[in-house]
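The primary structure of each chain is shown beneath.
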Amino acid sequence: MAEIVPVQWFPGHMAKTRRLMQANLKLVDLVVELTDARIPQSSRNPELDRLLGKKPRLLLLNKSDSADEEETRRWLQWYKDRGVAAIAADCRTGKGLGQFLPAVRSILEERIAQWEARGEVGRPIRMMIVGIPNVGKSSLINRLAGGKRAKVEDRPGVTRGKQWVTLEGGIELLDMPGVLWPKFQEPEAGERLAFVGSVKDDVIDIEHLAVRLLEVLAPREGEKLAARYRLTAEEVAESEPFDLLELIGRRRGMLLSGGLVNTERAAIMVVDEFRGGLWGRITLEPCPEKEDRL
């Protein structure tokens, strides 16, 4: 089966966001880049390195509760080996976010010392939050707000329509629009983004997406598939991807008149349950070998 190559999205939107980032970058001390822990590199916008330059950055691998723990540890070490500050967390539950502020202060340690030497004790740390659509930026901000209503205010110097979110403890966040880049270097990256829901489903055939997801994961996650859909290991291993989708739909009672399987309904369920972590902890993008570069 052919790989999914999503259509190219909104180059104008990317250009607008690029201008927005450049206009506001000078107002922040650090950039927090959110990625999806299930696809750590594929969910990183390749244009950010050029846009952000040498601005201090913290990489946050979000949705880590849905990713394989050992694979996430490998990714964190891989980034560390390349001088990239990275932590793993789940912004929905708050798990792992205890590392967040210590990591920020560690990255900005010298700069904070310079502020204090100039008498700017307690100067707010200002951060820009960036990431692709559906990666969890709002969840991060809400978690950092501690369940309290974050104070939102207009600030001079910020592009019109943008707002700062002020948190307790001297932290100010600037949330940026989530955007996908207009062209993928590798088809696999676009496919992985579609699997995790960062691509709008209305631009991709949902049955094709589900079948391709089963094709990719059945060989290495067959036990989890079998357990989730009450199949045998042999049924998972020996079925063609579309046949496997039909089998799953039949087991879940998704039948049309005449006993045919409603494969569209089954496809929606399969994709939604994968995205929701109901298959178990799965990393779609394995960590590269040590010699590979960023």
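The following refers to the structure shown. (Residues numbered from 1 in each chain as written. Predicted model: local features only at pLDDT ≥ 70, side-chain atom pairs only at ≥ 80, totals over all residues. Heavy atoms only, no water.)

Attention now moves to the packing of helix α7 (residues 187–196) against helix α8 (residues 206–229). Orientation of α7 relative to α8, taken along the N-to-C sense of each, is 110°, at an axis distance of 11 Å. In this view, α7 runs roughly perpendicular relative to α8, as classed from their interaxial angle. Listed contacts from α8 to Glu191, Ala194 and Phe195 of α7 are Leu209, Arg212, Leu213 and Val216. Classifying every residue of the contact of α7 with α8 by side-chain character gives five nonpolar, no polar and two charged. (Axes fitted to C-alpha atoms, helices over the stretch in contact; angles between N-to-C directions. Helix = DSSP H or I, 4+ residues; strand = E, 2+ residues; numbered from the N terminus. Parallel < 35°, antiparallel > 145°, perpendicular 65-115°, else oblique. Contact = heavy atoms within 4.5 Å. Nonpolar A, V, L, I, M, F, W, Y, C, P; charged D, E, K, R; others polar.)

Within a regular beta strand, the side chains point alternately toward one face of the sheet and then the other, so they alternate between its two faces. The element strand β7 (residues 171–175) is extensively covered by neighbouring structure, given that four of its five residues are classed as buried. Pairing analysis gives five bridges linking strand β4 (residues 125–131) to β7, with the strands arranged parallel. When the sheet's bridge partners are listed, Ile129 is paired in β7 with Asp175. Direction of pairing for strand β6 (residues 164–167) relative to β7: antiparallel, over a ladder of four bridges. Across the sheet, residue Leu167 finds its bridge partner in β7, namely Ile171. Hairpin connection, β6 to β7: the antiparallel pair is bridged by three residues, and Gly169 has positive phi, about 85°. (Buried < 20%, exposed > 50% of the residue type's maximum accessible area, 1.4 Å probe, protein only. Pairing = 2+ DSSP bridges.)

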